[in-house]
Amino acid sequence: MKDVPWSFYQPKPDVSWAWKTICKVKDKFSAGFSSTGLWLSRPSGYSVSSGYQWIRPKYPAVTWDKMVWNSWCIAKHSFITWLLAREALQLKDKLLLLGIIPDDRCFLCGIASETHQHLFIQCCYTRKLIALLSQKLHLGLHVANLLVWLQTKPWARIKKMVTLVWIQALYYSIWHQRNKARLEGVVQRPENVVQQVQCLLKCRLLEWHACIKRSSDRAWFKTVIY
Ligand SMILES: [Zn+2]
């Protein structure tokens, strides 16, 4: 690099791949500097954090992050909910496009194409689960997008979070039942699934009982636990 401005430097053909890779990164970053060598995105000079912010891909901010990642929900439920929110689960519609499977019919109902929309909203199995959960929580759960629907509710925080814990558990159960159908060829009855989720969440919910201030919320909470 001697006697050559670093932004113009090009590695010789016989140098190592590691040095060539470093030079490729250098070429990308050279666009962030002015012709006089000033780092354009930070007046006081280059820093690792400003470099990272400059080069990383930018995506629109999502509104559901707190509904997915929080200390109330069970981690494995949050993980599946996160993949669902990003439509990143490897469902049959994607596998069909890649030519990995011959058809994309839903494992749970065997009728429609297995997409995120279908599996977590439209499938008759899912609708039955959501109806049972609505009964259980004494709420008219909106089937289209439960996370967005819940965000709009002017409820006490505890009520929202308890409902969220149930919703995430429901999403996880749908994914679990779908995989059982795929691997074992069996699906549990929706009533049994809701009962299992209730057993799983009971201890966790009991711990929160003392946090509820309003008597109407306490009454609702009791019906959710038992
Ligand atoms: Zn289905």
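The rules behind each value
Residues numbered from 1 in each chain as written. Predicted model: local features only at pLDDT ≥ 70, side-chain atom pairs only at ≥ 80, totals over all residues. Heavy atoms only, no water. Buried < 20%, exposed > 50% of the residue type's maximum accessible area, 1.4 Å probe, protein only. Helix = DSSP H or I, 4+ residues; strand = E, 2+ residues; numbered from the N terminus. Arc of directions from axis to C-beta. Contact = heavy atoms within 4.5 Å. Patch = residues over 30% accessible without salt bridge, like charges linked within 9 Å, V, L, I, M, F, W, Y side chains within 5 Å. Areas by Shrake-Rupley, 256 points an atom, 1.4 Å probe, with all protein chains shown as cover. Salt bridge = Lys/Arg side-chain N within 4 Å of Asp/Glu carboxyl O. 1 Å grid on protein atoms, 1.4 Å probe; cavity = no way out; pocket = protein on both sides within 12 Å on 5 of 7 lines; lining within 4 Å. Points joined across faces, edges and corners; volume = space filled by probe spheres on them. Nonpolar A, V, L, I, M, F, W, Y, C, P; charged D, E, K, R; others polar. Donors = N, O, S within 2.8 Å, 3.2 Å for Na, K, Ca; no water. Tetrahedral: all angles 85-135°; square planar, octahedral: opposite > 155°, others 65-115°. Phe/Tyr/Trp six-rings, centres within 6.5 Å; stacked < 30°, edge-to-face > 60°. Lys NZ or Arg CZ within 6 Å of the ring centre and 35° of its normal. Domains from an automatic or database assignment.

Section: helix α11 (residues 215-225)
Within the span of α11, buried status applies to Asp 217, Trp 220, Phe 221, Val 224 and Ile 225. All buried residues of α11 project into a common sector of 135° when viewed along the axis, lining one side. Buried residues belonging to α11 abut α7 (124-137), α9 (157-184) and α10 (190-208).

Some details on helix α4 (residues 75-85)
The set of residues buried in α4 consists of His 77, Ser 78, Ile 80, Thr 81, Leu 83 and Leu 84. Contact partners of the buried residues in α4: α3 (65-68), α6 (116-122), α8 (146-151), α9 and α10. Just past α4, the residue Glu 87 takes up positive phi, approximately 50°.

A short note on a nonpolar patch on the surface
Taken together, the side chains of Met 1, Trp 6, Trp 19 and Ile 22 define a hydrophobic patch exposed on the protein surface, amounting to about 390 Å² of accessible area. Relative to the assigned elements, Met 1 resides in the segment before α1 (17-30).

Points about the layout of surface pockets
The volume enclosed by the largest pocket comes to roughly 240 Å³. Contributing to the lining of the largest pocket are 13 residues, with Leu 84, Ala 85, Ile 121, Asn 145 and Tyr 171 lying nearest its centre. Among the elements of the structure, α4, α6 and α8 are those that each provide at least two residues to the lining of the largest pocket. With 4 residues, the single largest contributor to the lining of the largest pocket is α6. Each residue belonging to the lining of the largest pocket can be placed in one class, and the counts come to 9 nonpolar, 3 polar and 1 charged.

Looking at the coordination of the zinc ion
Around the zinc ion, the protein contributes the donor atoms Cys 106 (SG), Cys 109 (SG), His 118 (NE2) and Cys 123 (SG), which lie 2.1 to 2.4 Å from the metal centre. Considering all 4 donor atoms around the zinc ion, angles at the metal cover 101 to 116° and the coordination shape is tetrahedral. Each donor residue of the zinc ion lies on one chain, and together they are spaced C-x2-C-x8-H-x4-C. With a gap of 14 residues between them, Cys 109 in the loop between α5 (92-97) and α6 and Cys 123 in the loop between α6 and α7 connect regions that are remote in the sequence. Judged by relative accessible area, which is 21%, Cys 109 ranks as partly exposed.

Thoughts on the packing of aromatic side chains
Describing an aromatic ring pair means giving the distance of the ring centres and the angle of the ring planes. In the structure shown here, the tally under the stated rule is 14 aromatic pairs. Taken together, a centroid distance of 5.8 Å and an interplanar angle of 80° make the contact between Phe 120 and Tyr 171 edge-to-face. Remark: Tyr 171 occurs in helix α9 and Phe 120 occurs in helix α6; sequence separation between them is 51 residues. We note that Phe 120, like Tyr 171, is buried. Three or more aromatic residues joined by ring pairs form one cluster here, namely Trp 6, Phe 29, Phe 33, Trp 39, Tyr 46 and Trp 54. One residue, Lys 92, lies across the ring of Phe 107, its end atom 4.1 Å from the ring centre. Between Lys 159 and the ring centre of Trp 220, over which it is positioned, the NZ or CZ distance is 5.2 Å.

Looking at empty space enclosed by the protein
In total, this model carries 1 cavity of 30 Å³ or more according to the counting rule given. Quantified by volume, the largest cavity comes out at close to 30 Å³. Listing elements by their share of the lining of the largest cavity, those giving two or more residues are α9 and α10. By residue class, the composition of the lining of the largest cavity is 5 nonpolar, no polar and no charged.

Remarks on the domain arrangement of the protein
Interface size is often expressed as the accessible area that is lost when the parts come together. By domain assignment, the protein separates into domain 1 (1-58) and domain 2 (65-225). Placing a centre on the C-alpha atoms of domain 1 and another on those of domain 2 gives a separation of 46 Å.

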